[in-house]
Amino acid sequence: MGKSANPADLKQMKKNDMILAAALVALACVAFGGMAFYSRLTTKEPEAVVSLDGKEQGRYPLSENTMVEIRQEDGSYNILQIQDGEAEITKASCPDKVCVRHRSVSRQGESLVCLPNKMVVEIKNGEDSGIDAGIR
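For clarity, every value in this text was computed on a predicted model and none was experimentally measured.

1. A few points about the nonpolar core
(1) Moving on: Counting residues in each nonpolar core, the largest one holds 19 residues, and the members touching the most others are Ala48, Ile70, Leu80, Ala87, Ile89, Met119 and Val121.
(2) Moving on: If you list the elements that add at least two residues to this core, you get strand 1 (47-52), strand 3 (66-71), strand 4 (77-83), strand 5 (86-92), strand 6 (111-114) and strand 7 (119-124).
(3) Moving on: The residues touching alanine 48, leaving out its near neighbours within four places in the chain, are Gly58, Arg59, Tyr60, Leu62, Leu80, Ile82, Ala87, Val121, Glu122 and Ile123.

2. Digging into the pattern of salt bridges
(1) Moving on: Considering all chains together, one arrives at 4 salt bridges under this definition.
(2) Moving on: Between arginine 71 and glutamate 69 there is a salt bridge; the shortest N-O distance is 2.4 Å.
(3) Moving on: For arginine 71, a relative accessible area of 47% gives the class partly exposed.
(4) Moving on: Exposure remark for glutamate 69: the relative accessible area of 45% places this residue in the partly exposed category.
(5) Moving on: Each member of the salt-bridge network shares a partner with another, and the members are Glu47, Glu56 and Arg59.

3. Details of the state of the cysteines
(1) Moving on: On inspection of all chains with the given rule, the structure shows 0 disulfides.
(2) Moving on: Not part of a disulfide, cysteine 94 finds its nearest cysteine sulfur in cysteine 114, a span of 3.6 Å.
(3) Moving on: Cysteine 94 sits in the buried class, given a relative accessible area of 1%.
(4) Moving on: There is no disulfide at cysteine 99, and the cysteine sulfur nearest it, in cysteine 114, is 3.7 Å away.
(5) Moving on: By relative accessible area, which is 3% here, cysteine 99 ends up buried.

4. Overview of a nonpolar patch on the surface
(1) Moving on: A cluster of nonpolar side chains, contributed by Leu20, Leu24 and Leu27, occupies part of the molecular surface with about 320 Å² of accessible area.
(2) Moving on: When its relative accessible area of 56% is taken as the criterion, leucine 27 is described as exposed.

5. Side note on the pairing of strand 6
(1) Moving on: Residues of strand 6 alternate between two faces, with Leu112 and Cys114 buried on one and Ser111 and Val113 left unburied on the opposite face.
(2) Moving on: In this structure, strand 6 lies alongside strand 7, joined through 4 bridges in antiparallel fashion. Directly across from serine 111, in strand 7, lies its bridge partner glutamate 122.
(3) Moving on: Remark: 4 residues form the turn of the hairpin made by strand 6 and strand 7, two consecutive strands paired antiparallel; lysine 118 in that turn has positive phi of roughly 55°.

The rules behind the values
- All chains use their own residue numbering, which begins from 1 and follows the written sequence.
- Given that the model is predicted, a residue must reach a pLDDT of at least 70 before its local features are reported, and side-chain atom pairs must reach 80 or more before they are shown or counted; all residues, however, enter totals for whole chains, interfaces and linings.
- As a convention, hydrogens and water are excluded, and side-chain values are obtained from all of the structure's heavy atoms.
- Nine residue types can take part in a nonpolar core, namely buried Ala, Val, Leu, Ile, Met, Phe, Trp, Tyr and Cys, and a core is a set of them joined through side-chain atoms within 4.5 Å.
- Burial here depends on accessible area, computed with a 1.4 Å probe over protein chains only, as a share of the maximum for the residue type. Under 20% is buried, over 50% is exposed, and the range in between is partly exposed.
- The secondary structure listing takes helices from DSSP runs of H or I that are at least 4 residues long and strands from runs of E that are at least 2 residues long, numbered from the N terminus.
- The contact criterion used is simple: two residues touch if any of their non-hydrogen atoms lie within 4.5 Å.
- Within this document, salt bridges are pairs made up of a side-chain nitrogen of Lys or Arg and a carboxyl oxygen of Asp or Glu, the two lying within 4 Å of each other.
- The disulfide definition used here is simple: a pair of cysteine sulfur atoms within 2.5 Å.
- Grouping into patches uses exposed residues only, defined as over 30% relative accessible area, and leaves out salt-bridged ones; the cut-off is 9 Å for like charges and 5 Å for nonpolar side chains (Val, Leu, Ile, Met, Phe, Trp, Tyr).
- Each accessible area value is a Shrake-Rupley result obtained with a 1.4 Å probe; residue values ignore everything except the protein chains displayed when judging cover.
- At least two DSSP bridges between two strands are needed for those strands to be called paired.

Structure, rendered in structure tokens:
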């Protein structure tokens with residue numbers, strides 16, 4: 001039959017296994033921390049990008065509370081309010097007010113649309129919404 005293992009060898013093997021496991025855990029923590037730090041450095045600040053009839057009119061950071069009136073040449077308007085990192089339309093001259101009733105937006109790719117006034121507010125550079133598609 002086989003040779004029995006020496007208890008001192010088993011103890012040494014367990015000690016080496018523990019050292020290896022601790023080193024792997026430390027390496028994983030350093031790698032994760034480095035990726036998180038790099039991600040913060042390279043991610044731009046989220047902003048609301050306003051377009052009228054397909055032409056960009058302005059960019060407003062979500063980190064600054066502000067209220068902007070977006071007025072067209074024909075007198076139609078929308079009021080964009082940015083507060084606490086979220087953007088919403090609070091007033092509009094359109095007849096249906098769908099844009100005013102829409103929930104506020106704050107994540108990459110989310111948008112507010114006012115079809116009668118040909119206005120779009122899209123969130124860019126923000127946190128990913130994690131949703132591939134949505135149906136209401």
